[in-house]
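# Commentary on secondary and tertiary structure
The residues making up each chain are set out below.
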Amino acid sequence: MTITEPLTQSTTAVDQRWTPRLWGVLAVLCAVLFLDGLDVSMVGVALPSIGTELGLGTASLQWIVNGYVLGYGGLLLLGGRTADLLGRRRVFLIALAVFTVASLIGGLVDDGGLLIATRFVKGLAAAFTAPTAMSIATTTFAEGPARNRALSIFTVFGASGYSSGLILGGLLTSLGWRWTFLVPVPLALAALVAGLLLIPRDKPAAGGGHDLIGAVTLVGGMLLAVYAVVTAPQRGLDPLTIGAAALAIVLLVAFVVAEGRVRHPLVRLSIFRIGSIVRANASMVALMGSYVSFQFMMTLYLQDVLHWTPLRMALALLPAGLLVAFSSPFMGRLIDRRGTAPLIVAAMISLSAGYIWFLATAGSRPDYLVTIFPAMLLLGGGFAFGFSSIMAQATDGIDDSEQGLASGLVQSSGQIGTALVLAVVTTLVASATTAPAGDFTSFRPGVNLVTGVAVAGLVLNLVALAATRIRRPLPAEIVSR
């Protein structure tokens, strides 16, 4: 039986009543975000084992991450728009089914290229489940306290999935890396069944269309750009690398031009006239791009260079995920009380401080208690303050008909930013000179880059916050003097 009546009488009510059915829908949405966090962290832990068994080097291993994030980030905008046009429930359930099948196939293949292909397909599926889940949440829960509370719970499950994935990834990789791909399958099936029963049917938009030209040019341009960055150190500036870079530029320019001319653009370019949305998207690039790239480097360093077991490595990175999981329930109330801008600034300060502390204390061989543990706490604090605040800033004031676009845009920025930062980090690490056994020197250029990305995010938000304070009108009694 499928529920078809509305979840609430009004999604604009100031004091929205949370019924059991409403909790059930939120649980399904949170389960999908949990799976996303679980998948990312488990596969991250398994990368060195995958590389050893399938004979993949650092440049190839990054495609297991980037294959996912490029498929994810490249089609997030199409996913959000599709949800608005065809109905959120339908898109959510179909994409979740594809994600489930791709997970199963990924655990069975024996070829590195096929594995990367399944990761790309999973990313494509996630590109539809993620913005659709977010738009279901933001249209179900009224803007204000109810929505902020729902988003903070949403974040808890993402962080819990990430934290659980670290531990499960360490345990499962000890048995075999394939289990990190197979374990999410029954969980995804359970979420699919629950979604069929709980998510209400919604009507597709009365009008509109798809921007396939925009989707193809964006995905193609990003894939070629990352390929050019990653292969340049090995191939040099040969015709293939130069051609890939040139074609990437052409496709990305074509994307921008097309968005200004097609009848139903993937991205309404005028949305970038809203300063808060631009800042939210740039902040997500700084948050996700720096952290995912840092985790990639730490995974390779701790397992391949220091020869830590997968479980020991997972436990070393766990404090950041635990901090996010335990602090996220309070983020909704903090956003209500302080607003998004100060919390994003606090997030960028914590994030930047984590990388700077790591660089200042790491030396040639980072000590866990002195360097890694404090850095992970600071990075976890940055993620805890930043993710919910950025998502709230990106969707505040947006009409329900464009919630899929707004949520897809900010998530797409995070994924595309991750792909580009990770590609450059991989290039820097791969091209570094060979260091003595156990030495961190070859990874330092990559950490320098992610530090710069985080600091750039901090400067952007500090300038915006200062400008807001300057423009704020003086109290009447001061003006009268």
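Because the structure is predicted, anything quoted here is derived from the model rather than measured.

Below, the discussion takes up the overall build of the protein chain. A count of helices and strands for the protein chain gives 17 helices and zero strands. For the protein chain, contacts bridging at least 24 residues in sequence account for 84% of all contacts bridging at least 6. Accessible area for the protein chain stands at about 19,400 Å²; split by element, carbon and sulfur atoms hold 68% of it.

All right, on to the packing of aromatic side chains then. Taken as a whole and assessed by the stated rule, the structure comprises eleven aromatic pairs. Summarising the aromatic geometry, the rings of Trp177 and Phe181 are spaced 5.6 Å apart at their centres and angled 80° between planes, so their arrangement reads as edge-to-face. Accessibility assignment for this pair places Trp177 and Phe181 in one class, buried. Here a set of aromatic residues connected by ring pairs shows up, and it is made of Phe294, Tyr301, Tyr355, Phe358, Phe440 and Phe443.

Enumeration over the complete set of coordinates arrives at four salt bridges. Here Asp39 and Arg119 are joined by a salt bridge, their closest N and O atoms 2.7 Å apart. Of this pair, Asp39 sits in helix H1 (residues 20-54) while Arg119 sits in helix H4 (residues 112-140), and the two are 80 residues apart along the sequence. Judged by its relative accessible area of 0%, Asp39 is buried. Among the ionic pairs, Asp110 bridges to Arg178, the shortest N-O distance being 2.4 Å. Taken together, the positions of Asp110 in the loop between helix H3 (88-106) and H4 and Arg178 in the loop between helix H5 (145-175) and helix H6 (179-182) put the pair 68 residues apart, joining distant regions of the chain.

This part takes up the confidence of the model for the protein chain. Per-residue confidence for the protein chain gives a mean pLDDT of 80, with 87% of residues at or over 70. When the elements of the protein chain are averaged for pLDDT, helix H17 (residues 476-480) gives the smallest value, 41, and helix H13 (residues 340-362) the largest, 93. Considering only residues more than four positions removed or in separate chains, one finds that residues 1-14, a stretch of pLDDT under 50, has 37 contacts. Below a pLDDT of 50 lies the segment residues 474-481, which in the model reaches one contact outside its immediate sequence neighbourhood of four places, other chains included.

Inspection of the secondary structure puts Val285 in helix H10 (residues 275-305). Among the residues examined, Val285 registers a relative accessible area of 27% and is labelled partly exposed. Residues Val285 and Leu420, 135 residues apart in the sequence, show an inter-C-alpha distance of 9.6 Å. Among all residues touching Val285, those that are not within four sequence positions of it are Ser290, Ser413, Gly414, Gly417 and Val453.

Another aspect to go through is unusual backbone geometry. Located in the positive-phi region is His307, a residue other than glycine, with phi close to 65°. Secondary-structure assignment places His307 in the loop between H10 and helix H11 (310-327).

Time to look at the packing of H1 against helix H7 (residues 184-198). Here H1 crosses H7 at 160°, and the two axes come no closer than 9 Å. Accordingly, the angle class assigned to the pair H1 and H7 is roughly antiparallel. The chirality of how H1 crosses H7 is left-handed. Across the interface between the two elements, Gly24, Val25, Val28, Ala31, Leu35, Leu38 and Met42 of H1 pack against Pro184, Leu187, Ala188, Ala191, Ala194, Gly195 and Leu198 of H7. Of the residues assigned to the contact of H1 with H7, the class counts are twelve nonpolar, two polar and no charged.

This part covers the side chain of Thr100. Tracing the sequence through the fold places Thr100 in helix H3. Thr100 gets classed as buried once you look at its relative accessible area, which sits at 5%. In this structure, Thr100 is in contact with Val185, Ala188 and Leu189, ignoring residues within four places of it in sequence.

Quick look at the environment of Leu302 now. Its place among the elements puts Leu302 in helix H10. Classification of Leu302 by relative accessible area gives buried; the value is 0%. Along the sequence, Leu302 and Phe440 sit 138 residues apart, while their C-alpha atoms lie 9.8 Å from each other. For Leu302, the residues in contact, after removing those within four places along its chain, are His307, Trp308, Met313, Ala316 and Ile372.

Let's shift gears to a positive patch on the surface. On the surface, Arg149, Arg333, Arg337 and Arg338 cluster together into a positively charged patch. Per-element tally for the positive patch: the top contributor is helix H12 (residues 331-338), with three residues. Topologically, Arg149 is positioned in helix H5.

Below, the discussion takes up a nonpolar patch on the surface. Together, Leu323, Trp357, Leu369, Val370, Phe373 and Leu377 give the surface a local cluster of nonpolar side chains, amounting to about 520 Å² of exposed area. Residue position: Leu369 is located in helix H14 (residues 368-395). For Leu369, a relative accessible area of 64% gives the class exposed.

Next up on the list: the packing of H3 against H4. The relative placement of two packed helices is expressed as an angle between their axes plus a distance between the axes. Two numbers describe how H3 lies on H4: the axes approach to 8 Å, and their chain directions differ by 150°. When the axis of H3 is compared with that of H4, the two are roughly antiparallel. Taken as a pair, H3 and H4 cross one another with a handedness that is left-handed. For the contact of H3 with H4, a count of residues per class yields 15 nonpolar, seven polar and two charged.

The rules we used
- Along each chain, residue indices are assigned from 1 in the same order as the chain's sequence is written.
- Only residues with pLDDT of at least 70 are given local features in this predicted model, and only at 80 or more are side-chain atom pairs given and counted; all residues enter the totals for whole chains, interfaces and linings.
- The side-chain quantities take in all heavy atoms of the structure and omit both hydrogens and water.
- Under the DSSP-based scheme used, a helix requires at least four consecutive residues in state H or I and a strand at least two consecutive residues in state E, with every element numbered from the N terminus.
- Contacts were defined at the residue level, with two residues in contact if any of their heavy atoms lie within 4.5 Å.
- Methods summary: accessible areas were calculated by the Shrake-Rupley approach with a probe of 1.4 Å, and residue burial reflects only the protein chains presented.
- To pair, rings of Phe, Tyr and Trp, with the six-membered ring standing in for Trp, must have centres within 6.5 Å; the planes then decide the type, stacked if under 30 degrees apart, edge-to-face if over 60, and tilted in the middle.
- A 1.4 Å probe rolled over the protein chains alone gives each residue an accessible area, and that area as a share of the maximum for its type sets the label: buried under 20%, exposed over 50%, partly exposed in between.
- Any carboxyl oxygen of Asp or Glu that lies within 4 Å of a side-chain nitrogen of Lys or Arg is treated as forming a salt bridge with it.
- The pLDDT value tells you how sure the predictor is about a given residue, anywhere from 0 up to 100.
- As a rule, the C-alpha atoms of each element are fitted with a line to give its axis, helices using only the stretch in contact, and angles between N-to-C directions run from 0 to 180 degrees.
- For classification purposes, angles smaller than 35 degrees are called roughly parallel, those larger than 145 roughly antiparallel, those between 65 and 115 roughly perpendicular, and all remaining angles oblique.
- Note on convention: the crossing is left-handed when the near helix lies turned anticlockwise from the far helix by less than a right angle, right-handed when the turn is clockwise.
- Only Asp, Glu, Lys and Arg are considered charged, only Ala, Val, Leu, Ile, Met, Phe, Trp, Tyr, Cys and Pro nonpolar, and every remaining residue, Gly among them, polar.
- Distance thresholds for patches are 9 Å for like charges and 5 Å for nonpolar side chains (Val, Leu, Ile, Met, Phe, Trp, Tyr), applied to residues having over 30% relative accessible area and no salt bridge.
- Here the positive residues are Lys and Arg and the negative ones are Asp and Glu; neither His nor the chain ends is included.
- The atom standing in for a charge is NZ when the residue is Lys, CZ when it is Arg, CG when it is Asp and CD when it is Glu.

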